[in-house]
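As a plain string of letters, each chain reads:
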Amino acid sequence: MPTIRFLLKGFNVSEMRKLYELLYDSSERNAKYTSWQSIKLIEAILVKLSLSVDNIDIASVMSPLYILRDYSLLLDHLLSAEKISDTKQHIVSTLGVQSFNDQEAIYNEEIKRLNTLFNYLGVLSK
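Scoring rules and cut-offs
Residues numbered from 1 in each chain as written. Predicted model: local features only at pLDDT ≥ 70, side-chain atom pairs only at ≥ 80, totals over all residues. Heavy atoms only, no water. Helix = DSSP H or I, 4+ residues; strand = E, 2+ residues; numbered from the N terminus. Buried < 20%, exposed > 50% of the residue type's maximum accessible area, 1.4 Å probe, protein only. Contact = heavy atoms within 4.5 Å. Areas by Shrake-Rupley, 256 points an atom, 1.4 Å probe, with all protein chains shown as cover. Core = buried A, V, L, I, M, F, W, Y, C linked by side-chain atoms within 4.5 Å. Arc of directions from axis to C-beta. Phe/Tyr/Trp six-rings, centres within 6.5 Å; stacked < 30°, edge-to-face > 60°. Lys NZ or Arg CZ within 6 Å of the ring centre and 35° of its normal. Axes fitted to C-alpha atoms, helices over the stretch in contact; angles between N-to-C directions. Parallel < 35°, antiparallel > 145°, perpendicular 65-115°, else oblique. Left-handed = near helix turned anticlockwise from the far one by under 90°. Nonpolar A, V, L, I, M, F, W, Y, C, P; charged D, E, K, R; others polar.

Draft legend 1. Structural view of the overall build of the protein. Scanning the protein for helices and strands turns up five helices and zero strands. Within the protein, the fraction of its 126 residues that count as buried is 35%. Sequence-distant contacts, at least 24 apart, represent 51% of the contacts inside the protein between residues at least 6 apart. For the protein, the exposed area adds up to about 8,300 Å²; of that, 52% sits on carbon and sulfur atoms.

Draft legend 2. Representation of the nonpolar core. Of all hydrophobic cores here, the largest spans 21 residues; its most connected members are Y20, L46, M62 and L65. Looking at this core, the elements that each hand over two or more residues are α1 (13-23), α2 (38-49), α3 (58-75) and α5 (103-124). Formed by ten residues, the second largest nonpolar core is a distinct cluster that contains L79, I91, V92 and I106.

Draft legend 3. Layout of α1. For α1, the full list of buried residues reads V13, M16, R17 and Y20. One side of α1 holds all its buried residues, which, seen down the axis, span an arc of 105 degrees. Check the buried side of α1 and you find it contacts α2.

Draft legend 4. The packing of aromatic side chains, seen in detail. Here the structure, examined in full by the defined rule, presents four aromatic pairs. Each ring, one from Y20 and one from Y24, has its centre 4.4 Å from the other, and the planes form 25 degrees; the classification is stacked. Here Y20 matches Y24 in class, with each residue buried. Ring geometry for Y20 versus Y33: centroids 4.7 Å apart, planes at 25 degrees, classification stacked. Of this pair, Y20 sits in helix α1 while Y33 is found in the loop between α1 and α2, placing the two residues 13 residues apart along the sequence. Relative accessible area serves as the criterion here: at 2%, Y20 is assigned to the buried category. Over the ring of W36 we find K40; its NZ or CZ atom is 5.4 Å from the centre of that ring. Directly above the ring of Y24 sits K48, whose terminal nitrogen or CZ lies 4.9 Å from the centroid.

Draft legend 5. Here's a closer look at the packing of α1 against α2. Look at α1 against α2: their axes get within 10 Å of each other, and the N-to-C directions meet at 25 degrees. One way to sum up the angle between α1 and α2 is to call them roughly parallel. As for the relative orientation of α1 and α2, their crossing is left-handed in sense. On α2, the residues touching V13, M16, R17, L19, Y20 and L23 of α1 are S38, L41, I42, A44, I45, K48 and L49. Classifying every residue of the contact of α1 with α2 by side-chain character gives ten nonpolar, one polar and two charged.

Draft legend 6. The packing of α2 against α3, seen in detail. Taken N-terminus to C-terminus, the directions of α2 and α3 make an angle of 170 degrees; their axes are 10 Å apart at the nearest point. Accordingly, the angle class assigned to the pair α2 and α3 is roughly antiparallel. On α3, the residues that touch I39, K40, I42, E43, L46 and V47 of α2 are I58, A59, V61, M62, L65, Y66 and R69.

Pasting the structure below:
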């Protein structure tokens, strides 16, 4: 079974906020966008860039980044026992796998979704 390794590296959030501000008129901006971090900013930017493309489920496209964040919290032992159980269940239900113990299925689905995300980022950045 493949080993899951994570490298979660932050984007330049201040530059991403500038892009958000370029894409959204002041009347369209979420009141809390200045407190958003990279994943939420990427999601909002993708929503705006994908408006001309039909049938893109941005929440699904963004899901692998949220799953990686969940894994980092799990592996860093930053959660209570109850929250650990909830986070594992969230990973299982988001990725549509049978069990958190089936790490190979989680890994394969996560890689597939990351590939989709990076493809969208590549297409939308042109």
